[in-house]
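As a plain string of letters, each chain reads:
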Amino acid sequence: MAAFALAASGESIDGHLVNVGDHRLLLNCAGRQSDLTVVLESGLGAGLETWKAVQSKVEEFSRVCSYDRAGEGRSDKPSGLQTPDSIVDDLHRLLEIERISGPYVLVGASLGGIYVRRFALRYPGSIAGIVLVDSSHEEQYSHYAAISPSIAERYATQDGRFDRNDFLRAAGQLEPGKRLEWHLDVPLIVLEHKRLVGPPRTEEDRLAIDWHTLQADLASRSKYGKLIETDSGHFMATEQPEVIVDAIRDVIRQARALKRETPKK
C-alpha cells in the first residue's frame, strides 16, 4: 500500500486517495485476504487515525479497512450537506471502486454506528456481522429533549458549531415520536462505556442511565445481539482498543459458524 504524504508537514500515513465522484476519500486497507472484510467507521470529527491501534491488531487475522469520510481527516470536503444516505453512498462506491468485496463486518463508533446501521439497512445481504462501539442512537435527541431541553439543544448544535436542523439530519436523528425500526439478524456486539454507579442526582446522570437503555435497545435488534459493558470511556478505540479487537474477533467467529450451519441452496 502506498503512503499518502503530507507535503506541508512531512507526515505520512498509510493509505491512498480514491475518487468517488466529485471528491476523494482516503482509504487504508491492510491484512491478509480473507473470506470477509472488516470496515471501520469513525465517529464525529474523527478520521481513520482513530483506528490505528485497532487496525494494527485486526489485520493479523482479517482484511480490515478504515477511511476518512468526506470532510474528515485527509479526504476532500463534500459538495453539500452530509447525510447518513450520502455517507453510505460514498462508502459503497469506495468499496466497489477498490473491489473490496463482502461480506463485511461493520464496526461503527459513536456517530459511526448510525452510518453502519444505515449501510446494513440498504445492503443487508452484504453484512456478516456488526460491532457497535458506544454508538449513537437514532432516538437519542428525542430522549435528550425529554430529560433536558437545554442539553438536547447543545447536542443538536454541538455547542453552537452547527445549524441544529442540519446537524440532526446529518446525525440521522428521528423526529420526536418516531421509533427506530432497524433489525438485522447477524452477529452483533454492542460495546458500552462504563456505566454510572449509584442513583442519578443530576440531569447528566439521568442521561447516562438513558444511554444504557439505548445501548440495550441496539443489542436487542438482532437475535444474536450481545451488550458488553466496558471499563472504558467513550473514546474506546484509543482508550481500550483491545476490547474492540476482541469483539471483532468474536463476531467473525460467530459469522463463520453461522455460515457453516446454513444449508446451501
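Right, let's walk through the structure included here. As the structure is a computational prediction, the values presented were derived from the model and not from experiment.

### A closer look at the overall build of the protein
Regarding its fold elements, the protein presents 9 helices and 10 strands. Taking 18 Å as the expected radius of gyration for a compact globule of 265 residues, we find that the protein reaches 18 Å, a close match to that expectation. Counting only C-alpha atoms and orienting by the principal axes, one finds that the protein spans roughly 50 × 50 × 35 Å. Taking all 265 residues of the protein together, the buried fraction comes to 49%. Considering only contacts in the protein between residues 6 or more positions apart, those separated by 24 or more positions represent 72%. When the accessible area of the protein is evaluated, it comes to approximately 12900 Å², of which 50% is carbon and sulfur surface. A distance of 5 Å separates the average location of the 33 positive side-chain charges in the protein from that of its 39 negative side-chain charges.

### So, the packing of aromatic side chains
For any pair of aromatic rings, the description consists of the separation of the ring centres together with the inter-plane angle of the planes. This structure, assessed with the given rule, holds 5 aromatic pairs. Look at phenylalanine 119 and tyrosine 123: their rings are 5.1 Å apart centre to centre, the planes differ by 50°, and that puts the pair in the tilted class. Their ring planes at 85° and their centres at 5.5 Å tell us that tyrosine 155 and phenylalanine 167 sit as a pair that is edge-to-face. Taken as a pair, tyrosine 155 in helix α5 (residues 149–157) and phenylalanine 167 in helix α6 (residues 164–170) lie far apart in primary sequence, 12 residues in all. Of the two residues, tyrosine 155 and phenylalanine 167, both sit in the buried class. The rings of Tyr144, Tyr155, Phe162 and Phe167 are connected pair by pair, giving a single aromatic cluster. Taking the ring centre of phenylalanine 61 as reference, the NZ or CZ of arginine 249 above it sits at 4.2 Å.

Conventions and cut-offs
Residues numbered from 1 in each chain as written. Predicted model: local features only at pLDDT ≥ 70, side-chain atom pairs only at ≥ 80, totals over all residues. Heavy atoms only, no water. Helix = DSSP H or I, 4+ residues; strand = E, 2+ residues; numbered from the N terminus. Rg over C-alpha atoms; globule rule 2.2 N^0.38 Å. Buried < 20%, exposed > 50% of the residue type's maximum accessible area, 1.4 Å probe, protein only. Contact = heavy atoms within 4.5 Å. Areas by Shrake-Rupley, 256 points an atom, 1.4 Å probe, with all protein chains shown as cover. Lys, Arg positive; Asp, Glu negative; His and termini not counted. Charge placed at Lys NZ, Arg CZ, Asp CG, Glu CD. Phe/Tyr/Trp six-rings, centres within 6.5 Å; stacked < 30°, edge-to-face > 60°. Lys NZ or Arg CZ within 6 Å of the ring centre and 35° of its normal.

Spatial relationships are all this shows, so hold off on functional conclusions.
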